[in-house]
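# Working through the structure, step by step
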Amino acid sequence: MVHVLSSRTLLRPTDPDRSRAFYGEKLGLTVYREFGTGPERGVVYFLGGGFLEVAGRSEIPPSPALKLWLQVPDVAAAHRELADAGVGIVRPPVKEPWGLVEMWIEDPDGTEIVLVEVPADHPLRYRPGI
């Protein structure tokens, strides 16, 4: 059995400077660590219980199968902040039939990012009798 101590999603952007500006400045993710030098240096950001490493360069954008799911405490507030920062909103906040409030944005390479609010009465947060 694999005993996982930590994890991170590795992202190889087509334009590292643009992606670092997006994740670090527009999304405001906190830096965990940086490594290397030059335009393709690496930056690892905190993602709640995991990390996002933006490093290196790719000639093609990441697969559309890659999606980031980020839980936030208040999607409406995130919507206002991101719109004010000039982040393109793919879909504004919507309460889904499954009870989560979701909003979609995308990074400069088109990687979809779902910002999710889990309401206090949702089973992911509260399960009576358990």
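What this report covers is the structure whose coordinates are included nearby. Computed from a predicted structure; not experimentally measured. (Residues numbered from 1 in each chain as written. Predicted model: local features only at pLDDT ≥ 70, side-chain atom pairs only at ≥ 80, totals over all residues. Heavy atoms only, no water.)

## Let's talk about the sheet that holds strand β4 (residues 50-54)
Note the following rule: Between any two strands, pairing holds if DSSP finds at least two bridges. Every helix listed is a DSSP run of H or I at least four residues long, and every strand listed is a run of E at least two residues long, numbered separately from the N terminus. Note on geometry: axes are lines fitted to C-alpha atoms, helical ones only across the stretch in contact, with angles between N-to-C directions running from 0 to 180 degrees.
The strand order across the open sheet formed by 4 strands is β1-β4-β3-β2, and the pairing between neighbours is mixed. Of all strands in the sheet, those with a lone pairing partner are β1 (8-11) and β2 (31-35), marking the two edges. Neighbouring strand axes in the sheet, compared pairwise and without regard to direction, differ in orientation by 20 degrees on average. Direction of pairing for β1 relative to β4: parallel, over a ladder of 4 bridges. Within β4, the residue paired with Leu10 across the bridge is Glu53.

## Quick look at the sheet that holds strand β6 (residues 89-95)
Hydrogen bonds along the backbone pair up the strands of a sheet, which may run parallel or antiparallel. Taken in spatial order, the 4 strands of this open sheet run β5-β8-β7-β6, and their pairing is mixed. The open sheet terminates on both sides in strands that have one partner only, identified here as β5 (67-71) and β6. Recorded for the sheet is a direction-independent mean angle of 15 degrees between the axes of neighbouring strands.

## Quick notes on the side chain of His122
For clarity, the threshold we go by: In this scheme, a residue with accessible area under 20% of its type's maximum is buried, one over 50% is exposed, and one in between is partly exposed, where area comes from a 1.4 Å probe on protein chains only. Whenever a nitrogen or oxygen atom comes within 3.5 Å of another N or O atom, the pair is scored as a polar contact, on the condition that within protein one atom can donate a hydrogen and the other can accept it, and that pairs from neighbouring residues in sequence are kept only if both atoms are in side chains. In what follows, a contact means two residues having at least one pair of non-hydrogen atoms within 4.5 Å.
Within the secondary structure, His122 is located in the segment after β8 (112-117). By relative accessible area, His122 is classed as buried at 11%. At a separation of 2.8 Å, a polar atom in the side chain of His122 contacts the main-chain carbonyl oxygen of Trp98. Those residues in contact with His122, other than ones at most four positions away along the chain, are Trp98, Gly99 and Leu100.

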